[in-house]
Amino acid sequence: MGYWCAIFSRAWRDTRRATKTDTVEAIVVLLLGQVVLGALIWYLTDEATLWVRIATAATPFAVAVLIFGIMLVAAPKVLAEETEQTLSVLRRRADQKDRKGAAKDALGAFMNEGNNVFRDSRERDVETEALGGVATYLS
């Protein structure tokens, strides 16, 4: 999806959220309310010229367009902030993975060293060495 498609998509989603038209029922209620309001305005401006009546009756419908315009202007900044937050989270995860890997490597090295010491002690006659050390100590 291209940059501008993402911008328009985000602006449209934010407009729907701002006008609370996330469901089909909410859209129908909003449109019916605006039609009723437009008809009432049309009826109340009976003595005005035709163009004034049309412009005045269409005003409730222009609110959603105005909100979309505002959201369209704000969308690049919002998307940039979200992208930066996502990158920050991914960087932290990568750092944690690197630290965990280094800790595992160090632990593995210590385990290998301990195994080498254990193997070396089994190969030598520890009991004889211990008795020799005691005899040296006693003399």
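What you are looking at is a predicted structure, and each value in this text was computed from that prediction instead of being measured. (Residues numbered from 1 in each chain as written. Predicted model: local features only at pLDDT ≥ 70, side-chain atom pairs only at ≥ 80, totals over all residues. Heavy atoms only, no water.)

S.K.: How would you summarise the overall build of the protein if you had to cite specific residues and measurements?
M.R.: Looking only at helices and strands, the protein has 4 helices and 0 strands in total. Listing each helix as α and each strand as β along the protein from the N terminus yields α-α-α-α. When the 139 residues of the protein are sorted by exposure, 12% land in the buried category. Within the protein, contacts between residues at least 6 apart in sequence are counted, and of these 60% link residues at least 24 apart. For the protein, the computed accessible surface area is about 11,300 Å², with 67% contributed by carbon and sulfur atoms. (Helix = DSSP H or I, 4+ residues; strand = E, 2+ residues; numbered from the N terminus. Buried < 20%, exposed > 50% of the residue type's maximum accessible area, 1.4 Å probe, protein only. Contact = heavy atoms within 4.5 Å. Areas by Shrake-Rupley, 256 points an atom, 1.4 Å probe, with all protein chains shown as cover.)

S.K.: Describe the layout of surface pockets, listing the residues and the values that go with them.
M.R.: It is a probe the size of a water molecule, rolled over the atoms, that shows where empty space is left. As a volume, the largest pocket reaches approximately 230 Å³. Trp 12, Thr 15, Arg 16, Thr 19, Thr 21, Ile 27, Leu 30, Leu 31, Gln 34, Phe 61, Ala 64 and Phe 68 together form the lining of the largest pocket. Elements that contribute at least two residues to the lining of the largest pocket include exactly α1 (3-18), α2 (24-44) and α3 (50-123). In terms of residue count, the dominant contributor to the lining of the largest pocket is α2 (4 residues). (1 Å grid on protein atoms, 1.4 Å probe; cavity = no way out; pocket = protein on both sides within 12 Å on 5 of 7 lines; lining within 4 Å. Points joined across faces, edges and corners; volume = space filled by probe spheres on them.)

S.K.: Quick one: what's the story with the nonpolar core, residue by residue and with numbers?
M.R.: Ranked by size, the top nonpolar core spans 5 residues in total: Ile 7, Ala 11, Met 71, Ala 75 and Leu 79. Put simply, the parts of the chain that give this core at least two residues each are α1 and α3. Looking at this core element by element, the count peaks at 3 residues for α3. Excluding residues within four positions of it along the chain, Ile 7 makes contact with Leu 72, Ala 75, Pro 76 and Leu 79. (Core = buried A, V, L, I, M, F, W, Y, C linked by side-chain atoms within 4.5 Å.)

S.K.: Outline the side chain of Thr 15, supporting the account with residue identities and numerical values.
M.R.: Among the structural elements, Thr 15 can be located in helix α1. Since its relative accessible area comes to 5%, Thr 15 is described here as buried. If we skip the residues at most four places from it in the chain, Thr 15 touches Ala 64, Ile 67, Phe 68 and Met 71.

S.K.: Lay out α1 with the relevant residues and their values.
M.R.: For α1, spanning 16 residues, the distance from its first C-alpha to its last is 22 Å, which sits close to the expected 22 Å at 1.5 Å a residue. The complete set of buried residues in α1 reads Ile 7, Arg 10, Ala 11, Asp 14 and Thr 15. Looking down the long axis of α1, one finds its buried residues gathered within 135 degrees of arc, a one-sided arrangement. Looking at the residues trailing α1, positive phi occurs at Lys 20, about 55 degrees. (Expected span 1.5 Å × (residues − 1). Arc of directions from axis to C-beta.)

S.K.: Can you tell me about the side chain of Asp 14, naming the residues and giving the values?
M.R.: Along the chain, Asp 14 turns up in helix α1. Note on Asp 14: relative accessible area 6%, which makes it buried. At 3.1 Å, the side chain of Asp 14 forms a polar contact with the side chain of Arg 17. (Polar contact = N/O pair within 3.5 Å; in protein donor to acceptor, adjacent residues only side chain to side chain.)

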